[in-house]
Every structure is written in C-alpha cells, then in structure tokens.
Amino acid sequence: MEVEKKTIDGERTVRVTFGNWNANGYFAALAAIVVFCFILKLAADNLKSPLTFHAVIIFCAASVVELFLVGGLVLSLFGHTTIFFKRSEGSRFVGIGTFGVTRGFSLPACGVVDKDYVIRSRGRSQVTIFRVIVRVPYDKEVPRVIYSSDDEERIDSLLRVTKEAVAFIFDKTDVPERTATAASKASVASRDRALLARPPEGISATRDSRKRTVVTYRKRSWIPLVALVALLSGLAAALYGKMPLTLTVLLICALVAVVLFCLAVFSLFGKRTMTIEYGEGETFAGIGGLGVKKKFRCPPESNIEIVDSGLWFGGTPMDALCVSSPKESPAKLCTTWPNRVKPFLAAVLRSATQRGSQA
C-alpha cells in the first residue's frame, strides 16, 4: 500500500494506491478455465452440425460469463485501487491505468473514521464485508463508505492509513467528534439548503395548489426497448430460418418479452412521485394514475435518515429513506429510487416536516 502526501498552494492531499489481487482471484481464474473448457466442448460438439437455438443461447450465455470472469481476473492481476483524499471530499478509483470507475465521497472535518461490517448473501452462503467508513456525529444518515472488502487485514491497514490521511489533511493530530447538538443541526440544515438549491438531474420539487410538496423523478431509458427489439428480431430470424423451437423456449421468450415491454413502457412514460402534506405523505410509482402507492406519516418530531435497505441492484446496495418517530413505527421509503437522489429526498422531507410544524 503506497501513500503519497502533498501540499499544493496550501491545500493538503493524500493519495493511497494498492493492488486489487486477493483470494477471489484464484476462484475467478479456476472458474474462467472451467467455463472456457465448456465453450470449447460446446463448439466441438456443434462444429459439424447446424447450430440449434438452444446451442446458440447456451453459447452466448457462456461467452458472457467468460467475459466477466476474464475481466475480473485481468482487473485483479493488473488493476489497482487509488483513494484520493482532500479537504471536505475524496474519490475512489478502481481500474487499469487510467481506464476504470471513479466514485466520490464526502469527507467533513467533523467526520470520524471508523470500521464496520455488513453481511451479504452470495448464493446459499453469507459473506462478511468489512468497510472503512466516515461517520458524522449526530447525523444519522448512511455513513460515507470509503472502501469495502472481505479481506479484513487490508481493511485494517486502510483504516490506519485513512486516519493518518484525515489528520494530515485537516492539520490535526486527531479528528475530534463534534459534541454540540446545535452545531450538528446547523450543519445538517446548511447541507439541506445546498441540496435543495441544486436538485439532482431528473428530479424536481414543487408546491401544488393545495400547498403540498410534490417531488417528481423521471429518467428515460432506452435499454429495455432495445433489448425487446433485439429479442423479437432474434425470434423473427429464427422462425424465418425455420430453426426448430420447442414450446418451452417460445413460452420463455414470450414471458421475457412481456417483462421487457412493461419495463420499456415504464422507462419511457412512467414516473415516481413523493407527496408530503401536514405530517402525512405518499409515494407513487407508475404511469398516469395506474401504479403502486404507499402512504406514510411524517410528524414534526420525525427522525429522517438514509439506511441500508438490504436490497441489491446491479451489484450496488440500495439505500432507503427511513422515517421514524416516537409514536410511529419506522417506514422505509423510496427503495427503488436511485441512491444519488435520496439525500435530496431526505432534505425535502426534513424541510416539509419543519414547515408543517411551523404551520
């Protein structure tokens, strides 16, 4: 693990770089060899005979799996992770050379670097994932995750380096916790004002004629429509070429086509809304007036935070808004909304409940 500290024009920065190889690389290498042997056997079996529809589907699926396994193996062998710290923010890069994925995180001066863990399900087994996080005292929103891994030894090393980096950046021998509740609330209110002033892309917050706060999120995606067209084109080509298709294959394709059609219609014409009015709220996801609604209560004494929903989508854990109060059971909301808009939703909820209490 390489650590590089710099001071440029009075601004202190720290860059931490380490390799991606761990025990999972051995399993990826073994799985890649097994899948590659399976593809070779499948190609040899169908070399002298015309390809059937089943063979094409299996070959394509195996090729996609092999591509992911080889990509993961190459990333483990030749890739690296770079974590960059500077005052009030940081970023994490995972890739090879300059090609990869970068994700930012906030690094407040009152933050406390800590370590925790979550338990994730992988198939029939459960795996403990350790994380280096930054907590903000008296701010119960989801902690800022700097890095996560199932390698506890690496996490412990990174935890020590991160504490040293934060102490260096803020010119402190230790990063003390903020003990003043009023100051913490002022910090949350200041952040909420900044979030409300610059809504994320695709989301808007308005007041309707009944003085209700209405948050609307729309983002069109053409991916389901493209997948539907590709599936129908493949079926048309198979039927036109008189390729033998069993009833089971046709039923599976029809089911997938229906699901893709629903996703395409919702992606192009659907919307998600959250309405708040005097201590009560409602979320809606659908098209026009047809969709799913969920009501919740948010009295002025409500505690609004972002928590882990326990769900995953595309390999990313999904957060949820949690609204709780002494007289109400906690309610988890907006789980399917993108994670990037949930801090804005929390700010809108806090603003609306405070406005309701003043009214």
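Here goes a summary of the coordinates provided. Since we're looking at a predicted model, the values are computed, not measured.

Next up on the list: the sheet that holds strand β4 (residues 88-96). Across the sheet, five strands lie side by side as β1-β2-β3-β4-β5; this open sheet has antiparallel pairing. On the outer flanks of this sheet lie β1 (2-8) and β5 (99-107), each paired with one strand and no other. Going across the sheet, the axis of each strand differs from the next one's by a mean of 15°, ignoring polarity. By the bridge criterion, nine bridges tie β4 to β5 in an arrangement that is antiparallel. Pairing of G95 across the sheet is with G100, part of β5. Sheet contacts for helix α3 (residues 152-169): β1, β2 (11-19), β3 (80-86) and β5; angle to β2, the most-contacted strand, approximately 170°.

Within this structure, the stated rule accounts for two aromatic pairs. Ring centres of F18 and Y147 lie 5.2 Å apart, and the angle between their planes is 85°; this geometry places the pair in the edge-to-face category. Within this pair, whereas F18 is found in strand β2, its partner Y147 is found in strand β8 (residues 144-149), the two being separated by 129 residues in sequence. Judged by relative accessible area, which is 6%, F18 ranks as buried.

Attention now goes to the nonpolar core. I203, V215, M274, L321, W337, L345 and L349 are the most contacted members of the largest nonpolar core, which has 22 residues in total. Elements supplying a minimum of two residues to this core: β10 (213-217), β11 (271-277), β14 (303-313), β15 (316-325), β16 (328-333) and α7 (342-358). Looking at which element gives the most residues to this core, the answer is α7, with six residues. Leave out the neighbours within four places in its chain, and L321 touches E305, I306, A331, K332, L333, C334, K342, L345, A346 and L349. Of all hydrophobic cores here, the second largest spans 21 residues; its members include V16, V132, I146 and Y147.

In the sheet, strand β12 (residues 280-287) pairs with strand β13 (residues 290-297) via eight bridges, with the strands oriented antiparallel. Across the sheet, G281 pairs through a bridge with F296, a residue of β13. Connecting the antiparallel pair β12 and β13 is a turn made up of two residues, with G288 showing a positive phi of about 65°.

This part takes up the side chain of R92. You can see R92 is positioned in strand β4. Put simply, R92 is tucked away with no salt bridge, and the nearest opposite charge, on D319, sits 12 Å away. Looking at R92, its side chain comes within polar contact range of the main-chain oxygen of I146, at 2.6 Å. Excluding residues within four positions of it along the chain, R92 makes contact with T81, T82, I83, V101, T102, R103, F105, V145, I146 and Y147.

With 23 residues, helix α6 (residues 247-269) ought to run about 33 Å at 1.5 Å a step, and its terminal C-alpha atoms sit 33 Å apart, in line with that. The set of residues buried in α6 consists of V249, C253, A257, L260, A264, S267 and L268.

Before going further, it helps to examine the pattern of salt bridges. Scanning the entire structure with this criterion turns up four salt bridges. With a closest N to O distance of 2.8 Å, K115 and D156 form a salt bridge. Taken together, the positions of K115 in strand β6 (residues 112-122) and D156 in helix α3 put the pair 41 residues apart, joining distant regions of the chain. For K115, a relative accessible area of 24% puts it in the partly exposed group. For D156, a relative accessible area of 34% puts it in the partly exposed group. Here E164 ties to R160 by a salt bridge, and the two come within 3.7 Å at their closest N and O atoms. Here R160 and E164 lie together in helix α3, a separation of four residues that amounts to about one turn. By relative accessible area, E164 is classed as partly exposed at 40%.

Rules used throughout
Residues numbered from 1 in each chain as written. Predicted model: local features only at pLDDT ≥ 70, side-chain atom pairs only at ≥ 80, totals over all residues. Heavy atoms only, no water. Pairing = 2+ DSSP bridges. Helix = DSSP H or I, 4+ residues; strand = E, 2+ residues; numbered from the N terminus. Axes fitted to C-alpha atoms, helices over the stretch in contact; angles between N-to-C directions. Contact = heavy atoms within 4.5 Å. Phe/Tyr/Trp six-rings, centres within 6.5 Å; stacked < 30°, edge-to-face > 60°. Buried < 20%, exposed > 50% of the residue type's maximum accessible area, 1.4 Å probe, protein only. Core = buried A, V, L, I, M, F, W, Y, C linked by side-chain atoms within 4.5 Å. Lys, Arg positive; Asp, Glu negative; His and termini not counted. Salt bridge = Lys/Arg side-chain N within 4 Å of Asp/Glu carboxyl O. Polar contact = N/O pair within 3.5 Å; in protein donor to acceptor, adjacent residues only side chain to side chain. Expected span 1.5 Å × (residues − 1).

Geometric descriptors of this kind do not, in isolation, establish any biological role.
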